[in-house]
Amino acid sequence: MEKFIPDSSRMQAVEDNYKAILSRVKESAVRAGRNPDDVRLMAVTKTVESVYINKALDLGADLIGENRVQEFLGKKDELHLDGVEKHLIGHLQTNKVKQIVGEVDMIESVDSIKLAKEISKVSSAKNLTTDILVEVNVGKEESKSGIYAEQLEELLYQIAELDSIKIKGLMTIPPICDSEKEVSEYFASMYQSFIDIKGKKIDNVDMEILSMGMSGDFEAAVANGSNIVRVGSAIFGERKYF
């Protein structure tokens, strides 16, 4: 197997990009009248080689998100993960739950009681509690996972009854929009749901995290209350699919 040789120009680009995106996240928060320390930048590592991820981690990135269970497990031993929070952000199949519970700090993509029950069962067997976000399909797109907003509260109450699982907030991916105004409307709608649920004070539901905004729309997300933005290509460059 050929030894992987990192591209020095890409290494420099990762450094420049990471610093620039972090600065833009903080500026977006200030413009929205928010404390910039209240918004976290997640480095999304899908299809990114470990050496480039480590560059971002060494610059101070303390939160990474991976889409696929197998990809994360295949890379994790090569990553500089001391003090780094790890989230699974991609769709999770129930048959992969056993492999990922205990390996990440949070699963952001829970969208059914079936999946939540499996996470609860595996977490209980491993004698730990798994933090989750419930994924909301804010645009009602058939091609995307996530629960519709109208069904959200019922699902939260169902999951809240389970052992060894803790709801920490919500996650969403809005539809591709033609304007910032349009995407902002989706984010504002999501924020309203977040605030409404927070006000209900449901047992075992801590509305602490609203994870929304990616490379193309994170500034609009921050303006509308997001406190985790998930940025991949704007840090690491366009994804390479193998």
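What counts and how
Residues numbered from 1 in each chain as written. Predicted model: local features only at pLDDT ≥ 70, side-chain atom pairs only at ≥ 80, totals over all residues. Heavy atoms only, no water. Helix = DSSP H or I, 4+ residues; strand = E, 2+ residues; numbered from the N terminus. Rg over C-alpha atoms; globule rule 2.2 N^0.38 Å. Buried < 20%, exposed > 50% of the residue type's maximum accessible area, 1.4 Å probe, protein only. Pairing = 2+ DSSP bridges. Right-handed = clockwise from strand over helix to strand, strands pointing away.

S.K.: I tried to follow the overall build of the protein chain on my own but got confused; where do I start?
M.R.: Across its full length, the protein chain holds 9 helices and 8 strands. For a compact globule of 242 residues, the expected C-alpha radius of gyration is about 18 Å, and the protein chain comes in at 18 Å, within 12% of that figure. Projecting the C-alpha coordinates of the protein chain onto the three principal axes gives extents of approximately 50 × 45 × 30 Å. Counting every position in the protein chain, which comprises 242 residues, the buried fraction comes to 48%.

S.K.: Would you mind showing me how to read the pairing of strand β2 (residues 63-66) here?
M.R.: Here β2 shows a buried face lined by L63 and G65 and a second buried face lined by I64 and E66. The pairing of strand β1 (residues 40-44) with β2 spans 2 bridges and is classified as parallel. Bridge pairing in β2 links A43 to I64. Regarding the hand of the β-α-β motif, the stretch spanning β1, helix α2 (residues 50-58) and β2 is right-handed. Inspection of the sheet shows β2 paired to strand β3 (residues 85-88) by 4 bridges, in the parallel sense. Residue I64 lies in a different strand from β3, and its bridge partner there is K86. In the classification by handedness, the crossover that spans β2, the intervening helix α3 (residues 69-75) and the parallel β3 is right-handed.

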